[in-house]
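# Coordinates in review
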Amino acid sequence: MNDEKLIELVRKYPVLYDLSHAKYMDTDYKNTIWSKIAEEIETTKIHQIHYQLYNLLSYRPKLCNLHVLEMP
């Protein structure tokens, strides 16, 4: 799975990482988005996508550049 492609896809959907987004707490909505991302990456393993994104955020935060996730 390509790291850059995953980050690009996640960036399209701020609801996945923006705590102030109106639908951030809507699990069904976010699961639908994760499914779309999984289709684009050509996998059915959504848990694998979560794990990879977690690792990227932990070990390569500059690559992710998702500012909303940063602590104040």
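To keep things clear, this report deals only with the structure shown in the data block. Note that the structure is a prediction, hence the values are computed from the model and not measured.

Cut-offs used in this document
- Residues numbered from 1 in each chain as written.
- Predicted model: local features only at pLDDT ≥ 70, side-chain atom pairs only at ≥ 80, totals over all residues.
- Heavy atoms only, no water.
- Helix = DSSP H or I, 4+ residues; strand = E, 2+ residues; numbered from the N terminus.
- Expected span 1.5 Å × (residues − 1).
- Buried < 20%, exposed > 50% of the residue type's maximum accessible area, 1.4 Å probe, protein only.
- Arc of directions from axis to C-beta.

Okay, helix α2 (residues 27-41) next. Here α2 is 15 residues long and its end C-alpha atoms lie 21 Å apart, about the 21 Å a rise of 1.5 Å per residue gives. Those residues of α2 not exposed but buried are Lys30, Ile33, Trp34, Ile37, Ala38 and Ile41. Seen from one end, α2 has its buried residues packed into an arc of 145 degrees, which puts them on one side. Opposite the buried face of α2, at more than 90 degrees from it, the exposed residues are Asp28 and Glu39. The positive-phi residue at the C-terminal boundary of α2 is glutamate 42, with phi of around 65 degrees.

Right, let's talk about unusual backbone geometry for a bit. The phi dihedral of glutamate 42 falls on the positive side, at around 65 degrees, and the residue is not glycine. Among the structural elements, glutamate 42 can be located in the loop between α2 and α3 (46-59). Assessed through its relative accessible area of 74%, glutamate 42 is described here as exposed.

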